[in-house]
Structures are given as C-alpha cells and as structure tokens.
Amino acid sequence: VEENFAPIGVFDSGVGGLTVLNALRHVLPEETLFYLGDTARVPYGNRSAETVCQYALQASRFLIEKDVKALVIACNTASAYALERLKEKYSIPVIGVIDSVAHRAAKISQTQEVAVLGTRGTIRSESYVKALQKEKASIKIHARACPLLVPLAEEGWSDKSVSEEIIYQYLKDLKNTDVDTLILGCTHYPLLKGLIQKVAEGLLGRSLFVLDSGPPAAEALKTLLRTKGLLVSQGSQAACPRGKTHIHVTDYPEGFEETAKRFFDAAGAVFTHVDL
Ligand code: DGL
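Residues numbered from 1 in each chain as written. Predicted model: local features only at pLDDT ≥ 70, side-chain atom pairs only at ≥ 80, totals over all residues. Heavy atoms only, no water.

1. Let's talk about the overall build of the protein
Next up, step 1: Broken down by element type, the protein carries 11 helices and 10 strands.
Next up, step 2: The buried share of the protein, reckoned over its 276 residues, is 57%.
Next up, step 3: In the protein, of all internal contacts separated by at least 6 residues, the share reaching a separation of at least 24 is 78%.
Next up, step 4: As presented, the protein carries roughly 12200 Å² of accessible surface, and 48% of it is formed by carbon and sulfur atoms.
Next up, step 5: Placing the 31 positive and 32 negative side-chain charges of the protein at their respective mean positions leaves the two points 3 Å apart. (Helix = DSSP H or I, 4+ residues; strand = E, 2+ residues; numbered from the N terminus. Buried < 20%, exposed > 50% of the residue type's maximum accessible area, 1.4 Å probe, protein only. Contact = heavy atoms within 4.5 Å. Areas by Shrake-Rupley, 256 points an atom, 1.4 Å probe, with all protein chains shown as cover. Lys, Arg positive; Asp, Glu negative; His and termini not counted. Charge placed at Lys NZ, Arg CZ, Asp CG, Glu CD.)

Structure representation (structure tokens):
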C-alpha cells in the first residue's frame, strides 16, 4: 500500500491527547488516525524524565508496528522529554506539541509576557522557556506547574467552584504582571479552558489569548506532511472522503468512553484494549 494511505500515529498518557486528536480530525479529515492512550500508566506528569522517555518509546514502538507514516506526541510531558529521542530513532516525521504553540504565542503576544501552565515534568524540563526564547530571546515567561488540573479535567469538573478556587491558587501571583497570552501546556487543560480564562482575566483585569496545543500542532503536521508529499490527498489513488479513527488504550477503565467523549467527538471511532 502506498505510504500516503498509511495512518498517522498519535499518543498520550491517557485521554488528554484526544484534544489533539480532535484538532487533527478537523484539520486532516481524510487521514486515518491511530491513537494510543497509555491509560494503564497515566499520569506521566509527575514521573522522572527516564520513565517518561521509556513509556514514550514503548508507545511509539506500538504505533510504528502499525506502519504509521508519522508520529504525533500528543502529550506535553512526553514531548518535553522524548521528542529528540524519537526523532533520532525513526525516519518518519515526528512532531511534539510544544514548538508550534510556542511559535504562535510569541507571534501574538503584544506585551511579550507569556504564562505557561503544565505538569510538573513539563515545567521542570523548561521546554517552553527554551521554545519561546528561541522565537524571541527577550520574551518573559511565567511558568506554573498545576498538577491538580489533570484529575479535575478527567472528572469533567469544568464548571465547579472548587476547580475555580484551585485555578485561582495556581494563577494568583500573575496579578501584577503584563501577561497577555496564556499557553495551556498540557493536553488535558483545554477542558478547563473557560474557567482558566475567566480566572486569569479576572486577576489581570483584561482579556487574554488562551492557546491550546492541538490546533497549532495539527497545522504544523499538515504542513510537514504536505512538504513530504505524504498527505492522503497527494496519493495516486482516489481517497475515501473521511479517514477512520482508531482509539487504543492500555487499560479500559469503567466509564472510559464517557470520559473520552469529553475530550473528543468520538462518533464513528473504534475503541480497542491493547497491551504494550
Ligand atoms: N496530557 C499530558 C500532558 O500533556 C499530561 C497528563 C499526565 O500527567 O499524564 O502533559
């Protein structure tokens, strides 16, 4: 089979990466998407660099064996620790979720002061600091680890006062800054976007750009695949109008599909349990 018709592999520690899958589904409707959520080992956010790297290698191996034509690391923590390793190891295109949203943030921020929320691992790696400073050396960055937000997103607590209070505790010292752009540096956080935006705008007394990593990563992948002539639409055969979505999980917890639907419009998706 021609390489253009091979699936795109996407992975995350669990359901968070489904927010990226959503963006890929919109931007690349003709492509077949193979998703792996490592639900048996979530969360990655508090683990060491070595462990995150090892998990990312195992997830990638699973997808590579499915003959994917490209790999998307739909997890900020795994992008922070494993992107370079995976790029070295595989000859297919590999992208993470950090660089493209950092590029967008540097471009739209007028004050050149950007806040980044992420897991402990992502913040400790300083990947956003490096990615943003590569765009503009003088940019000012306020990075905050927000470990309680992943379980709140998984619970679907996107409008509870307790979630608002937790977000407030994480963001309150941004009060006297000139931040005008906030990056949701964890693929779970788009579920709490409304609340995060409300709390941050309340603190700062002005409107903010709140960016999540899915849409810019999907656009970056589209550009990369087009450059390499790998899009379905660049293949020689007639393509099916809509690619399929396969969702694989390493554990199938109770109520998983319900949680997944908060992150992703799962209509037509096929769910499968796998072992790595
Ligand atoms: N979705 C992952 C990320 O973007 C975080 C969830 C986790 O801690 O596993 O960093």
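Still more to cover.
2. Thoughts on the sheet that holds strand E2 (residues 33-37)
Next up, step 1: Within the open sheet, the 6 strands sit side by side as E4-E3-E1-E2-E9-E10. Their pairing is parallel. Two strands bound the open sheet, and with one partner strand each, they are strand E4 (94-95) and strand E10 (270-273).
Next up, step 2: Summarising the sheet, strand E9 (residues 245-249) and E10 pair through 4 bridges and their orientation is parallel. Directly across from His 246, in E10, lies its bridge partner Val 270.
Next up, step 3: Those strands touched by helix H2 (residues 49-64) are strand E1 (8-12), E2, strand E3 (70-73) and E9, and its axis lies near 155 degrees from that of E1. (Pairing = 2+ DSSP bridges. Axes fitted to C-alpha atoms, helices over the stretch in contact; angles between N-to-C directions.)

3. Section: the environment of Leu 225
Next up, step 1: Among the structural elements, Leu 225 can be located in helix H10 (residues 214-227).
Next up, step 2: For Leu 225, a relative accessible area of 0% corresponds to the buried category.
Next up, step 3: Here the alpha-carbon distance between Leu 225 and Pro 93, two residues 132 residues apart in the chain, equals 7.9 Å.

4. Quick notes on the side chain of Thr 119
Next up, step 1: Note on placement: Thr 119 falls in the loop between strand E5 (113-118) and helix H5 (120-125).
Next up, step 2: Within the structure, the side chain of Thr 119 is placed 2.9 Å from the side chain of Thr 77, a separation counted as a polar contact.
Next up, step 3: Residues within four places of Thr 119 in sequence aside, it is in contact with Gly 45, Thr 77, Ala 145, Cys 186 and Tyr 189. (Polar contact = N/O pair within 3.5 Å; in protein donor to acceptor, adjacent residues only side chain to side chain.)

5. Some remarks on the nonpolar core
Next up, step 1: By size, the foremost hydrophobic cluster in this structure holds 59 residues, and its most contacted members are Leu 24, Leu 149 and Ile 196.
Next up, step 2: For Leu 24, the contacting residues outside a window of four places in its chain are Val 10, Pro 29, Leu 33, Val 72, Ala 218 and Leu 221. (Core = buried A, V, L, I, M, F, W, Y, C linked by side-chain atoms within 4.5 Å.)

6. Section: the pairing of E9
Next up, step 1: In terms of burial, E9 is a largely internal element, 4 of the 5 residues being buried.
Next up, step 2: The parallel pair E9 and E10, bridged by helix H11 (residues 256-263), forms a crossover whose chirality is right-handed. (Right-handed = clockwise from strand over helix to strand, strands pointing away.)

7. As for the sheet that holds strand E7 (residues 181-185)
Next up, step 1: The sheet built from 4 strands is open, its strands ordered E6-E5-E7-E8 with parallel pairing. The outermost strands of the open sheet, each flanked by one partner alone, are strand E6 (140-145) and strand E8 (209-212). Taken over all neighbouring pairs, the strand axes of this sheet differ in orientation by 20 degrees on average, direction set aside.
Next up, step 2: Bridge analysis of E5 against E7 gives 5 bridges, and the strand direction is parallel. Bridge pairing in E7 places Leu 117 opposite Leu 184.
Next up, step 3: Contacts from helix H4 (residues 99-108) reach E5, E7 and E8 within the one sheet, and its direction differs from that of E8 by about 165 degrees.

8. Let's talk about the site of the ligand
Next up, step 1: Near the ligand, the surroundings consist of 14 residues, among which Ser 13, Tyr 44, Gly 45, Thr 77 and Thr 187 are the closest.
Next up, step 2: Residue Thr 187 places a side-chain N or O atom 2.8 Å away from a nitrogen atom belonging to the ligand.
Next up, step 3: Contacts to the ligand include His 188, whose side-chain N or O atom sits 3.1 Å from a nitrogen atom.
Next up, step 4: When the ligand sits alone it has 290 Å² of accessible area, and the protein chains cover 99% of it.
Next up, step 5: A class-by-class count of the residues in the shell around the ligand yields 6 nonpolar, 7 polar and 1 charged. (Near = heavy atom within 4 Å. Nonpolar A, V, L, I, M, F, W, Y, C, P; charged D, E, K, R; others polar.)

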